Amino acid sequence: MDLTFVILVEMLYAVASLILISAGLAVVFGMMKVINLAHGEFMMMGGYATITAVQLGVNIFVAMLIIAPIVVGLIGLIVERLVIRHLYGRLVDTMLATWGLSLFFIGLATMIFGNTTTGISTPIPGFTVGGYQINGYNFFIILVSAALLIASLVVLKSTRAGLIARGAMQRSDMAAALGYSPDRIYMATFFCGSALSGLAGAVLAPLVGLVPTSGGAYIAKAFITVIAGGPALIAGLFSSATLFGAVSQIFTFAVSPVMGEVALLLAAVVLLRLLPQGITGKFFKGKL
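Residues numbered from 1 in each chain as written. Predicted model: local features only at pLDDT ≥ 70, side-chain atom pairs only at ≥ 80, totals over all residues. Heavy atoms only, no water.

### Description of the overall build of the chain
Check the secondary structure of the chain and you find twelve helices and two strands. Counting only C-alpha atoms and orienting by the principal axes, one finds that the chain spans roughly 65 × 45 × 35 Å. A buried classification covers 47% of the 288 residues belonging to the chain. Sequence-distant contacts, at least 24 apart, represent 77% of the contacts inside the chain between residues at least 6 apart. When the accessible surface of the chain is split by element, carbon and sulfur atoms take 71% of a total near 13800 Å². (Helix = DSSP H or I, 4+ residues; strand = E, 2+ residues; numbered from the N terminus. Buried < 20%, exposed > 50% of the residue type's maximum accessible area, 1.4 Å probe, protein only. Contact = heavy atoms within 4.5 Å. Areas by Shrake-Rupley, 256 points an atom, 1.4 Å probe, with all protein chains shown as cover.)

Here it is in structure tokens:
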């Protein structure tokens with residue numbers, strides 16, 4: 001029973017981590033069709049914003065949940081105004097531009113913070129279950145991911161702003177005809193996607209040693225999760241994260257953590273071979 005509980009918690013943590021890592025990209029790439037190769041660097045900046053705020057005496061939860069998303073969201077706003085707004089509808093150009101931005105942010109972070117590993121301690125202690133040790137911070141990540149999914153669903157489905165954003169992403173000309181500014185809607189949506197990336201980097205910062213190149217560890221998983229999820233934003237994100245998180249943890253416990261990562265990538269390859277349109281391209285059609 002103890003081992004079963006530990007495995008269940010680790011699976012939920014793996015799913016929650018993938019949801020956190022991919023949520024910002026799901027908005028920017030899934031909704032806006034912008035291939036943001038700087039997504040990992042936005043997460044990295046969220047981690048550094050959290051660490052800097054904590055070192056200045058800010059409460060760690062305030063730093064993670066409020067300051068980091070706002071800081072990274074504002075950086076994303078500047079990026080959108082200066083670069084991305086000129087490249088909508090040009091996938092290859094956005095890919096090249098955001099790749100250049102990722103290199104710029106890595107260099108800037110190296111100049112400011114140096115190339116040494118830094119980090120902060122987890123604010124929630126671990127505890128034992130039988131003969132096993134569980135990181136108590138994992139439960140916080142699970143709660144944050146669940147709250148993020150629910151909040152995103154409510155905003156996109158039940159609020160005027162969410163409905164306008166979804167409509168503008170599908171038919172910007174129709175939104176303009178109804179008196180809404182697609183330019184402002186895209187700007188606000190990119191801000192939200194960047195803020196979600198900053199939130200993910202901030203929440204995961206206490207678990208990893210942070211260096212300017214840390215974003216590279218997240219970008220592949222984020223794209224795999226979003227693409228495999230298919231066209232539905234929330235249902236696709238949840239379904240693909242659940243599948244990949246479960247596969248990864250099963251092989252991690254059965255073989256090794258390395259095989260868990262390999263199994264996740266193989267599962268993504270097989271899934272996209274069988275379902276080229278993603279999970280929600282075949283199932284959960286019509287879902288958000």
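### Digging into the UniProt feature "transmembrane region" (unreviewed entry) in the chain
According to UniProt, the feature "transmembrane region" (unreviewed entry) maps to residues 12–36, 56–79, 91–114, 134–156, 185–211, 217–238 and 250–275 in the numbering used here. Within the segment residues 56–79, helix and strand shares are 83% and 0% respectively, and the terminal C-alpha atoms sit 26 Å apart. (UniProt positions renumbered as here; feature names shortened; annotations may be inferred.)

### Thoughts on the packing of aromatic side chains
Applying the stated criterion across every chain yields a total of eight aromatic pairs. Relative to F140, the ring of F61 lies with its centre 5.3 Å away and its plane at 70 degrees, an arrangement referred to as edge-to-face. Here F61, found in helix α3 (residues 60–82), pairs with F140, found in helix α5 (residues 137–158); they are 79 residues apart in sequence, far enough to count as distant. On the accessibility criterion, F61 (29% relative accessible area) is partly exposed. For the pair Y88 and Y186, a centre-to-centre distance of 4.5 Å together with 55 degrees between the ring planes defines the contact as tilted. Here the residue Y88 occupies a position in the loop between α3 and α4 (91–113), and Y186 occupies one in helix α8 (residues 182–204), the gap between them amounting to 98 residues. Residue Y88 is classed as partly exposed on the basis of its relative accessible area of 24%. Of the residues examined, Y186 reaches a relative accessible area of 13% and is grouped as buried. Taken together, the aromatic side chains of F42, F104, F105 and F190 make up a single cluster linked through ring pairs. (Phe/Tyr/Trp six-rings, centres within 6.5 Å; stacked < 30°, edge-to-face > 60°.)

### Quick look at the nonpolar core
Ranked by internal contacts, the top residues of the largest apolar core, which has 77 residues, are M31, I141, V203 and F244. For this core, the element with the most residues is helix α1 (residues 2–31), which contributes 14 residues. Once residues within four sequence positions are removed from consideration, V203 is found in contact with L20, M64, L65, Y137, F140, I141 and V144. (Core = buried A, V, L, I, M, F, W, Y, C linked by side-chain atoms within 4.5 Å.)

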